[in-house]
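Here is what each chain is made of, one letter per residue.
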Amino acid sequence: MSSLPSLVARGCLRSRNLYPRLSAVHVRPSQHRSGISTATLSVPRDGGLLLNPNVATPLSPALKINQEEIFGAVTDDPFAMRLPEPAAPEPFKDLGIPRPLRTALQQEFPHILNPTSAQKELVESVLKDGKDVFLKDKTGQGKTFALTLIALSRALKIRSKRSKAAKNPPRSASRSSVSPATSILLLLPHATLVRQVGSWMERLEFAMSGSQSAEGEKERMFRMVLPGDEQGPGSGATPEIIISSPDALLTYLQASASRQHPADGQRAPVLTSASLSRSLRLVMIDEADAMLRPLPGRFKSFTSERERQRHPFFRHPPSIVRLLDDLFGRDGDMNGGKKQVQTVWCSATLNSVIRGFVHRSGWIRRDEQVIIDTAQESSDTVAANTDTSTTANNGIKETAHYCLTVDPLTGTLRNIGSAPTQPSYSDIFETAPDDPAAKEKIHPLMIENLALLHASRSATAPENNGVSLVIVPEGGSVPKLQASLQSLGVSSSTLDGTQDPDVPNLLLVARSHVRGLDIPNISAVYLLNGLNVTSLSKSARAAGGVEERKREYTHFAGRMGRLGAQDGEEREGKGERYALVSLVMRDSAEEKAVQAMFADKVALKAEVLKGEGISD
Ligand SMILES: Nc1ncnc2c1ncn2[C@@H]1O[C@H](COP(=O)(O)OP(=O)(O)OP(=O)(O)O)[C@@H](O)[C@H]1O
């Protein structure tokens, strides 16, 4: 593999000073109503948790004291706010969001002034009308954030009821109607998103409680259950909210089942499948379609039950199916054999196949459901996502889509579909030679070209480029890619632990961790190996998987130009566009599949990318 300096020497690049790093931390003060300012970091610095542009650093002890002086002593009501009632009109009030949370929202997320129409409909339907909801809205428009507000609102209400009940205990020994245990479950597709939502909740809860005392810790409203987490016997209080992924929660509950009969002297685990099933009242599933893969398509019909059972989805049901069947199939308010729990299902690519499956599974209360579709279900998802008019509400002009092929022999880059100017791999070899590089999940020449593209982009407008996100294909190794890039002189960060201390502007993320991520200032996305979608159903494969590919592509494109992003107007003013660059090896099956997707009648066109090292 050539080093980046040697690429420079070959004249591919203009300057040696090509990859300036983001200034280590970009500190931007956000004004609190109280006059206390909290530093906000624009780029995550540790633990992969801080994905939000407005991540607040914890208040220093001095600031905590100030805060107490300003807002007064804590009352014995755990929900009494130390913050004054905001005077301004409150668009979130009518949705049923309690006052402490509205105040915390204003303090921690001052850029969120009004709910979007989808957020309004969703929050009202869940909190005020008690409905089950299917929500489809465009990517980055605040679905996950709205679920966070719903969970905290409900938790606050439960706590307030519980604290009232504690003050006036009922005379009869009958069970209190206020649930003493976890009643809200928020399911997300992967651990990175669980941490992201956990950090949002932490900020809001912290702002509501005003301090992180030992007692506050004990009474946390939420708990994250992450892969590898273990529950100590009888440890910890039970929070109102659990945030987890189906895989992690299922493993956690299965492990706790084995401790149901603890050894002498040990207490039973607090959170078990049975206890959770008894106390659950609201389950919210974000990115539902990602969790229900590979669900057979709309037109798939099975000739026999045996054939149906052989389909990968039914043969190895995904974790969410096993989890919900377990939680909803237990005792409780039984109705038709299933417990009646309020549910919410969200995704930018939610479709009628998912809705139908949820219905048939008995996970939704048929008479109580509302469908909110602000993404125009009938229109093509990719077109909707890339159409300038549909993204105009957050100041984004549009995303430019490029697809480049890498010659596995020479490493030259070419726009997809353009005629070869020199002999390519297939012109020379009839069958693939025994090339070890071809067996790598990410071809070394693709990595060189990624380094080249990133460096040229940084060189063109070093100050304004924002962060580039590299999506690592299934089976590819993020640490290995990071090491290969480093050997070419390109530093990068990863979201799952290892980060360059200088916070470079190149972030690597595994494809399975992309859904729902809200990372500030992403201006370019590099998609390595195209859209090789794993777990495609047979019918989807037969159809070239175009629909499935477009759905995934929609989510990759959706990491840019998100609601609340501060760079939208700035980019628009400079005539800059977000860029999604797909890189595929020439003459690979993936090249043909991506070509089919770009050639699709309503989808999108790959534009021609001009630049150093790209041949026409
Ligand atoms: N009403 C609002 N006004 C302004 N910004 C908002 C609003 N609601 C949420 N946001 C911000 O929008 C960003 C995207 O939110 P979120 O991740 O919830 O979107 P999403 O629709 O779930 O995205 P995806 O479809 O990718 O999962 C977040 O940074 C959040 O702070």
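These numbers were taken from a predicted model, which means no experiment stands behind them.

Caption draft 1: Region of interest: the overall build of the protein chain. Of the regular secondary structure elements, the protein chain holds 24 helices and 20 strands. A buried classification covers 53% of the 616 residues belonging to the protein chain. Considering only contacts within the protein chain whose residues lie at least 6 apart along the sequence, 72% involve residues at least 24 apart. Of the roughly 27,000 Å² of accessible surface on the protein chain, a fraction of 51% belongs to carbon and sulfur atoms.

Caption draft 2: Region of interest: the nonpolar core. With 46 residues, the main nonpolar core has Leu122, Ile150, Met201, Ile241, Ile243, Met284 and Val344 as its most contacted residues. Looking at this core, the element that brings in the most residues is helix H5 (residues 143-167), giving 10 residues. Setting aside chain neighbours within four positions, we find methionine 284 in contact with Leu147, Ile150, Ala151, Ile184, Leu185, Leu186, Leu187 and Val344. Residues Leu187, Leu280, Phe314 and Ile354 belong to the second largest nonpolar core, which totals 35 residues.

Caption draft 3: Representation of the site of the ligand in the model. Lining the immediate environment of the ligand, one finds 23 residues, of which Asn114, Lys143, Thr144, Phe145 and Asp518 sit closest. Between the ligand and asparagine 114, the relevant distance is 2.8 Å, taken from a nitrogen atom to a main-chain nitrogen or oxygen of the residue. Within the side chain of aspartate 518, one N or O atom sits 2.5 Å away from an oxygen atom of the ligand. Burial of the ligand by the protein amounts to 97% of the accessible area it has alone, namely 650 Å². In terms of residues, the shell around the ligand owes the most to one element, H5, which gives 3 residues. The class makeup of the residues in the shell around the ligand is 5 nonpolar, 12 polar and 6 charged.

Caption draft 4: Structural view of the packing of aromatic side chains. Taken as a whole and judged by the stated rule, the model has 6 aromatic pairs. An angle of 70 degrees between the planes, with centres 5.1 Å apart, marks the rings of phenylalanine 145 and tryptophan 200 as edge-to-face. Separated by 55 residues along the polypeptide, phenylalanine 145 in helix H5 and tryptophan 200 in helix H6 (residues 191-209) bring together distant segments of the chain. Side by side, phenylalanine 145 and tryptophan 200 carry an identical accessibility label, which is buried. When the centroid spacing of 5.7 Å and the interplanar angle of 80 degrees are considered together, the rings of phenylalanine 357 and tryptophan 363 count as edge-to-face.

Caption draft 5: Seen up close, the pattern of salt bridges. Inspection of the entire model under this criterion finds 15 salt bridges. One salt bridge connects glutamate 240 with arginine 162, and the closest N-O pair in it is separated by 3.1 Å. In this pair, glutamate 240 is assigned in the loop between strand S6 (222-225) and strand S7 (241-244) and arginine 162 in helix H5, connecting sequence segments 78 residues apart. Among the residues examined, arginine 162 registers a relative accessible area of 27% and is labelled partly exposed. Arginine 293 is paired through a salt bridge with glutamate 552; the nearest N and O atoms lie 2.8 Å apart. With arginine 293 in the loop between helix H10 (288-291) and helix H11 (305-310) and glutamate 552 in helix H22 (residues 546-557), the pair connects residues that are 259 residues apart, well separated along the chain. Residue classification places glutamate 552 among the buried positions, given a relative accessible area of 9%. Salt bridges sharing partners connect three or more residues here, namely Glu287, Asp289, Arg293, Arg515 and Glu552.

What counts and what doesn't
Residues numbered from 1 in each chain as written. Predicted model: local features only at pLDDT ≥ 70, side-chain atom pairs only at ≥ 80, totals over all residues. Heavy atoms only, no water. Helix = DSSP H or I, 4+ residues; strand = E, 2+ residues; numbered from the N terminus. Buried < 20%, exposed > 50% of the residue type's maximum accessible area, 1.4 Å probe, protein only. Contact = heavy atoms within 4.5 Å. Areas by Shrake-Rupley, 256 points an atom, 1.4 Å probe, with all protein chains shown as cover. Core = buried A, V, L, I, M, F, W, Y, C linked by side-chain atoms within 4.5 Å. Near = heavy atom within 4 Å. Polar contact = N/O pair within 3.5 Å; in protein donor to acceptor, adjacent residues only side chain to side chain. Nonpolar A, V, L, I, M, F, W, Y, C, P; charged D, E, K, R; others polar. Phe/Tyr/Trp six-rings, centres within 6.5 Å; stacked < 30°, edge-to-face > 60°. Salt bridge = Lys/Arg side-chain N within 4 Å of Asp/Glu carboxyl O.

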